[in-house]
Structure formats: structure tokens, C-alpha cells
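Letter by letter, the chains look like this.
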Amino acid sequence: MRPRLPSWTASLTWKAAVFITVMCCALAAMLGAFVHVAVTGQTVGNAREKALAKLEDVTRLYEAGDRLPPDAGIDLAGLPGSLRDLALQGKRGTMVAEDDGQPVMWAAGPADSGQVVAVGVDYAQGARTIEGLDRAIAVSSVLAIGTTLLIGAFGVTRVTRRLHQTATVARRISAGDLDARVEDPRTKDPGRAQDEVATVAGALDTMAASLQGKLESEQRFTADVAHELRTPLTGLHAAAELLPPGRPAEMVRERVQTMRTLTEDLLEISRLDSRREQVDLDTHALGPLVERTAQASGTDTEVVVVRDVRVETDRRRLERVLGNLIANAHKHGRAPVLVTVDGPVVSVRDHGDGYPDYLVEHGPQRFRTEGGAKGHGLGLTIAVGQARVLGAQLDFANAPEGGAVARLTLPYEEA
């Protein structure tokens, strides 16, 4: 299997640091090699010219029969074999080799009777020069790489910090905080040049403002329609009560009550969408509260308290959530309906066909039902909204053996 890199290696900062380091190392190696070759060639060339010039002088002394200097002679013991063979072929040459542990520039040429005349020039200074140059190249390369890496990391970190801020704002918007904005100062001045990050931040702010405007307009429309419907529905309800007894009157009253319930649900949803609801917190024993809610629903609902706790919550809103979940289980599921209290977690389960796939994956959607179910999809939508106000988490799933399961997890701290 292909090895998996640690998650931190996926960050842009790490990738940029690796890229900068590799490029700096490659550039330092190229420049270092160029300088090393150039200086070494010049140093060796100077030493070679000096050795050849001395060889010519020694050759003239040898041909004149004069005494040779101490660092020259015939068939010297330290002369490299390859250079000796070259001289025996009638050619002159030079070579750097060690003699008693010291670098020497040798120059050799042919002499009489198959002998070789040779000279040695001290090359220690040149070798030290090249060695010092190599150390200077290595040290300067490390310093240059470190400095470039720090500067590059600083620049990349500034960019990634702005990207993280933009991503954080985008997540806040997706979570429902439509007031969240990046507020990049580079987008405030139209005449100021903007980089790509500022362009993305500005586009996100513009999108959020447009989305917020549209949603607020829809919320106002929903609230206005619901408010306008309340007055005629009240009159219609009063008129329905005056009808003579009979099946037609019952049908009218039933439809009027359905319209009134729908109108009240729409008003509640509009208040929840505004995210300005305030909670009235108090401490309650969760088990008895759930039992009272189940009894008040007027349904045959079994309550099992596995572990009871005291939670700080808004009783009215919690009863609204549980009441909607129980009503939905009886309306769209099948008996038996079981409510389980296990610490701060309350589960409502029925034994019907389960929730639709879209609801499990994306949550309830108002005015959407499937499978021929009756209703407007507002009960679960209100339950989700009220749970959000309480700071609770409401999850929907289907039990493996069949049936729908709604799990409400309330905020709770161990005493």
C-alpha cells in the first residue's frame, strides 16, 4: 500500500517551505559548483604555469651540466607513475599529487637515456585556498537557505493566515451565521491593488451579504403572510363555530384548525430563522420532564429512564422539541413508540419504515414529504430550530432492525 503522509504535510505552509528549501539548495549547489570550478581552475592553472616555467629552467640547467635546485632532479622518488610514463613518451606534463602528506604540483619532461627530469612546486597554499573557499560556500549556502526559508515562511504564513480566516468565515456562514464577514482591509479601497486572497475574501463577503438579504426577505415574507392570515382565520374559526352540527361543520372546523396550526408553525419558524430567540434557562430533572411531555401528547408512548440527570435548559422549548418528535413518530411511524432517557441524551424511536434518505442525510426540509406522507414537514423543522436555540444537537437515523430514531443530545456538564 502507498504510505500515507502525516496530515500536517498537506498544509500550504509546509509545501511552500519544502519548495523554497529545494529551490534554494539547488541554486546554492549550482552557484557553489560554478565558483568552485572557476577558482579551482584558476588556482591550478597558476600553479601549473609556475611548475612548467620552473621545469624549463631546470631542463636548461640539466642540459648545461649545472647543479639542479633541491626541489628538482632526475627520476625523483615522489614523482607520480602516470606523469613519469608521460615524460618517457617524450612529452611534458603536470600533476597534483601528495608527497609526504603535502600537496605538490609536479612537472616532468624527458631527459637523456630514458630518464625523466622533474620539479615539484609546493601546492599547499592553493589547496588551502580551495578548501577555505569550499567551507565559505557551504556556510554561506546554509545561511542563505535559512534566511530565504524564514523570509519565505513569513510571507507564506501571512497568506495562509488570511486563507484560514476566509475559510473560517465561510464555515460560519454555512453554519447559519449570516452576519460573518472577512472584512479584509484590502477590499475597502477600490483604488488599491488586490491580490488573489483579497479577491476571494471580497467575493465571499459579497455573496454572504446577497444571501443574507435574500433570506431576510424570504423570512419577512413568510412572517408577513402568516400574520396576515391570522386575522381572517380567526374570523373563519368563529364563523365555523356557528355552523349547525353535522359532518360538513366538522370538516370545516378541522380544515380551519389545520390552517391555524400551519400559520402558527410558520410564525414560529420565522422567529427561529431570525436567530434572535432568547432562552429562559432553569435546572430540571430530565426524566420526569420527558414523562410529562409524553403524557401531555395524549399518545400511547412508552418512556424508559436509563439514567436520569438534571440539565439546565428552557423547559418550554424542550417540551416543544420532544412533543414534535413524539407526534411525528406516531403520525409517520408505527407503534410502539419508545422514548429513552440516558443521561443528557433523549431518543425517540418508532417501528415504522424509517426516515427518508434525504432527511437522514441533509436534515428535515420544510414543505417536503415523501412516500405519500401527509403533512408539511414543519414539525421536525421546528424541532431542529428549537434544539439549536437550546444549544442541543438533534440527529436523525434509521435503526438497523427498522424504524426511525431521533436522538436529542442536550448540553450537560458533570457535577
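Please read these numbers as outputs of a predicted model, since none were measured by experiment.

A. Expanded view of the overall build of the protein chain. Looking only at helices and strands, the protein chain has nine helices and 11 strands in total. A principal-axis box enclosing the C-alpha atoms of the protein chain has dimensions of 155 × 55 × 45 Å. For the protein chain, buried positions account for 34% of its 415 residues. Summarising the internal contacts of the protein chain: among those between residues at least 6 apart in sequence, 61% fall at separations of at least 24. Put simply, the protein chain shows about 25,200 Å² of open surface, and 56% of that area lies on carbon and sulfur atoms. The average position of the 47 basic charges and that of the 54 acidic charges among the side chains of the protein chain differ by 4 Å.

B. Quick look at the pattern of salt bridges. Throughout the structure, instances matching the rule amount to 12 salt bridges. In this structure, the salt-bridge partner of Asp75 is Arg84, at a minimum N-O distance of 3.2 Å. Between Arg307 and Asp342 there is a salt bridge, with the nearest N and O atoms lying 3.9 Å from each other. With Arg307 in strand E6 (residues 301-307) and Asp342 in strand E8 (residues 337-342), this residue pair connects regions lying 35 residues apart in the sequence.

C. Quick peek at the packing of aromatic side chains. Going through the model one piece at a time under the given rule, you end up with one aromatic pair. Relative to Phe396, the ring of Tyr355 lies with its centre 5.4 Å away and its plane at 90°, an arrangement referred to as edge-to-face. Of the two residues, Tyr355 is situated in the loop between strand E9 (345-349) and helix H8 (357-362) and Phe396 in strand E10 (residues 393-398); the sequence distance between them amounts to 41 residues. For the pair Tyr355 and Phe396, one class covers both residues: buried.

D. Here's a closer look at the packing of helix H3 (residues 124-174) against helix H4 (residues 196-241). H4 packs onto H3 with a crossing angle of 15° between their chain directions and a minimal axis gap of 10 Å. Comparing the axis directions of H3 and H4 gives the class roughly parallel. When the axes of H3 and H4 are compared, the crossing they make is left-handed. Across the interface between the two elements, Val159, Arg162, Leu163, Thr166, Val169, Ala170 and Ile173 from H3 touch Val197, Ala198, Val200, Ala201, Leu204 and Ala208 from H4. The residue inventory of the contact of H3 with H4, partitioned by class, reads 11 nonpolar, one polar and one charged.

E. Quick look at unusual backbone geometry. Following Ala335, the chain continues to Pro336 via a peptide bond in cis, the omega torsion being 0°. Mapped onto the secondary structure, Pro336 falls in the loop between helix H7 (315-332) and E8. The phi dihedral of Asp75 is positive, around 50°, even though this residue is not glycine. Within the element layout of this structure, Asp75 appears in the loop between strand E1 (72-74) and helix H2 (81-88). With a phi close to 55°, Glu183 is a non-glycine residue in the positive phi region. Relative to the helices and strands, Glu183 resides in the loop between H3 and H4.

F. Structural view of the nonpolar core. With 31 residues, the main nonpolar core has Leu286, Leu318, Leu325, Leu394, Phe396 and Leu408 as its most contacted residues. Those elements that provide at least two residues to this core are helix H6 (286-296), H7, E8, E9, H8, helix H9 (378-390), E10 and strand E11 (404-409). Here the element with the most residues in this core is H7; it accounts for six residues.

G. The arrangement of a nonpolar patch on the surface in detail. Together, Phe221, Val225, Leu229 and Met259 make up an exposed nonpolar region whose accessible area comes to about 330 Å². The greatest single-element share of the nonpolar patch, amounting to three residues, is contributed by H4. Turning to its location among the elements, Leu229 is positioned in helix H4.

H. Structural view of the packing of H6 against H7. Across the interface, H6 lies against H7 with an axial gap of 9 Å and an inter-helix angle of 55°. Comparing the axis directions of H6 and H7 gives the class oblique. Once H6 is placed against H7, the crossing between them reads as right-handed. Mapping the contact onto sequence places Leu286, Leu289, Val290, Arg292, Thr293 and Ala294 in H6 and Arg315, Leu318, Glu319, Leu322, Gly323 and Ile326 in H7. Of the residues belonging to the contact of H6 with H7, the class tally is seven nonpolar, two polar and three charged.

I. Seen up close, the sheet that holds strand E3 (residues 102-110). Spatially, four strands are ordered E1-E4-E3-E2 in an open sheet, and the strand pairing comes out antiparallel. Sheet topology places E1 and strand E2 (93-99) at the edges, where each strand pairs with a single neighbour. Strand-to-strand twist of the sheet, defined as the mean angle between neighbouring strand axes without regard to direction, takes the value 30°. Relative to strand E4 (residues 116-122), E3 runs antiparallel, the two being bridged by seven bridges. Paired with Val104 across the bridge in E4 is Asp122. Seen against the sheet, helix H1 (residues 12-64) touches E1, E2, E3 and E4 and runs at an angle of roughly 140° to E4.

Analysis parameters
Residue indices follow the written sequence of each chain, beginning from 1 at its first position. Per-residue local features of the predicted model are confined to residues with pLDDT of at least 70, and side-chain atom pairs are confined, for both listing and counting, to 80 or more; whole-chain, interface and lining totals are unaffected and use all residues. Excluding hydrogens and water, the side-chain values take into account all heavy atoms of the structure. The numbering of helices and of strands both runs from the N terminus, where a helix is a DSSP run of H or I of at least 4 residues and a strand a run of E of at least 2. A simple rule labels every residue: compare its accessible area, found with a 1.4 Å probe on the protein chains alone, to the largest value its type can have, and call it buried under 20%, exposed over 50%, or partly exposed in between. Throughout, a residue-residue contact means that at least one pair of heavy atoms, one from each residue, lies within 4.5 Å. To be clear on the numbers: accessible area is Shrake-Rupley with a 1.4 Å probe, and residue cover counts the displayed protein chains and nothing else. In this tally, Lys and Arg are treated as positive and Asp and Glu as negative; His is ignored, and so are the chain termini. Charge coordinates come from a single atom per side chain, which is NZ of Lys, CZ of Arg, CG of Asp or CD of Glu. Criterion for a salt bridge: a side-chain nitrogen of Lys or Arg within 4 Å of a carboxyl oxygen of Asp or Glu. Two rings from Phe, Tyr or Trp (for Trp, the six-membered ring) form a pair when their centres sit within 6.5 Å of each other. Planes less than 30 degrees apart are called stacked, planes more than 60 degrees apart edge-to-face, and all others tilted. Axis definition: a line fitted to C-alpha atoms, over the contacting stretch in the case of helices. Angles run 0 to 180 degrees between N-to-C directions. For classification purposes, an angle smaller than 35 degrees is called roughly parallel, one larger than 145 roughly antiparallel, one from 65 to 115 roughly perpendicular, and anything else oblique. Less than a right angle of anticlockwise turn of the near helix away from the far helix marks a crossing as left-handed, whereas a clockwise turn marks it as right-handed. Ten residues, namely Ala, Val, Leu, Ile, Met, Phe, Trp, Tyr, Cys and Pro, are considered nonpolar, four, namely Asp, Glu, Lys and Arg, are considered charged, and the remaining ones, Gly among them, are considered polar. Here, nonpolar core refers to any group of buried Ala, Val, Leu, Ile, Met, Phe, Trp, Tyr and Cys residues whose side-chain atoms link them within 4.5 Å. Residues enter patches when their relative accessible area tops 30% and they take part in no salt bridge; the joining distance is 9 Å for like charges and 5 Å for the nonpolar side chains Val, Leu, Ile, Met, Phe, Trp and Tyr. When DSSP finds two or more bridges between two strands, those strands count as paired.

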